[in-house]
Amino acid sequence: VTIAFPRMRVKPGPVRLDLVGGDVIFGRIEREDDVGVVMTGAGLAPLSVPLERIRVLTQPAALARLAEKPHVVAKDGQDVVFRRLKSNVDRVTGTIDSVSPAGVTLETSIGPLRIGLDSLVAIAFSGTDDPTPITGVHVVALCADGSRISGRPVALETNTLLLDTP
């Protein structure tokens, strides 16, 4: 069944999350919580995303400004943060502790390090690529800002669709 909604022109948020399982969320980092990072977007209520569900976090505008694009993948079981320097991109490996509007905190071989969002290009998370499969009836919500989220419908109210995601 295809349900058509009116077309809206909505700019995606400044941050793109590629989740384990293929979902994509565009939005703004609102805050960190005890689970991970809380995102808001054009079509999303505040959404708490566990760090272990994120495969890649990018800032598309920062990535587009680079003459040479980095290959954004984790390395040897560690997370990799790509940050913009004056003329190139630096890679920092470690374990991501938190993501917030203030920046990214990671544990490196020389101790904790915070990288501000103003210099962040991308993060490749080293977590699993094996999501819990969705069973039964499920939907794929395609939001006006380009976000794509799949899950089982739990509730549908005026202007709100609640999904149970894997």
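Attention in this report is confined to the structure presented alongside it.

The rules behind these values
Residues numbered from 1 in each chain as written. Predicted model: local features only at pLDDT ≥ 70, side-chain atom pairs only at ≥ 80, totals over all residues. Heavy atoms only, no water. Helix = DSSP H or I, 4+ residues; strand = E, 2+ residues; numbered from the N terminus. Buried < 20%, exposed > 50% of the residue type's maximum accessible area, 1.4 Å probe, protein only. Areas by Shrake-Rupley, 256 points an atom, 1.4 Å probe, with all protein chains shown as cover. Core = buried A, V, L, I, M, F, W, Y, C linked by side-chain atoms within 4.5 Å. Contact = heavy atoms within 4.5 Å. 1 Å grid on protein atoms, 1.4 Å probe; cavity = no way out; pocket = protein on both sides within 12 Å on 5 of 7 lines; lining within 4 Å. Points joined across faces, edges and corners; volume = space filled by probe spheres on them. Nonpolar A, V, L, I, M, F, W, Y, C, P; charged D, E, K, R; others polar.

Here's the deal with the overall build of the protein chain
Part 1 of the argument: Assigned secondary structure in the protein chain consists of 1 helix and 13 strands.
Part 2 of the argument: Counting every position in the protein chain, which comprises 166 residues, the buried fraction comes to 39%.
Part 3 of the argument: By element, 53% of the accessible surface of the protein chain is carried by carbon and sulfur atoms, the whole surface being about 10,100 Å².

Focus on the nonpolar core
Part 1 of the argument: Ranked by size, the top nonpolar core spans 26 residues in total, and within it L17, L57, I96, V99 and I123 carry the most contacts.
Part 2 of the argument: Looking at this core, the elements that each hand over two or more residues are strand 1 (15–19), strand 2 (24–32), strand 3 (36–41), strand 4 (44–50), strand 5 (54–58), strand 7 (89–100), strand 8 (103–108) and strand 10 (120–124).
Part 3 of the argument: Excluding residues that lie within four positions of it along the chain, V99 makes contacts with I29, R31, E32, G36, V37, L51, L57, I123 and F125.
Part 4 of the argument: Judged by nonpolar contacts, the second largest core, of 11 residues, contains A62, V80, F82 and V89.

Regarding the layout of surface pockets
Part 1 of the argument: The space that makes up the second largest pocket amounts to roughly 200 Å³.
Part 2 of the argument: Looking at the second largest pocket, it is lined by 13 residues, and the ones nearest its centre are L66, E68, S87, N88 and V89.
Part 3 of the argument: A per-class count over the lining of the second largest pocket returns 5 nonpolar, 2 polar and 6 charged.

All quantities given are derived from atomic positions and should not be read as evidence of function.
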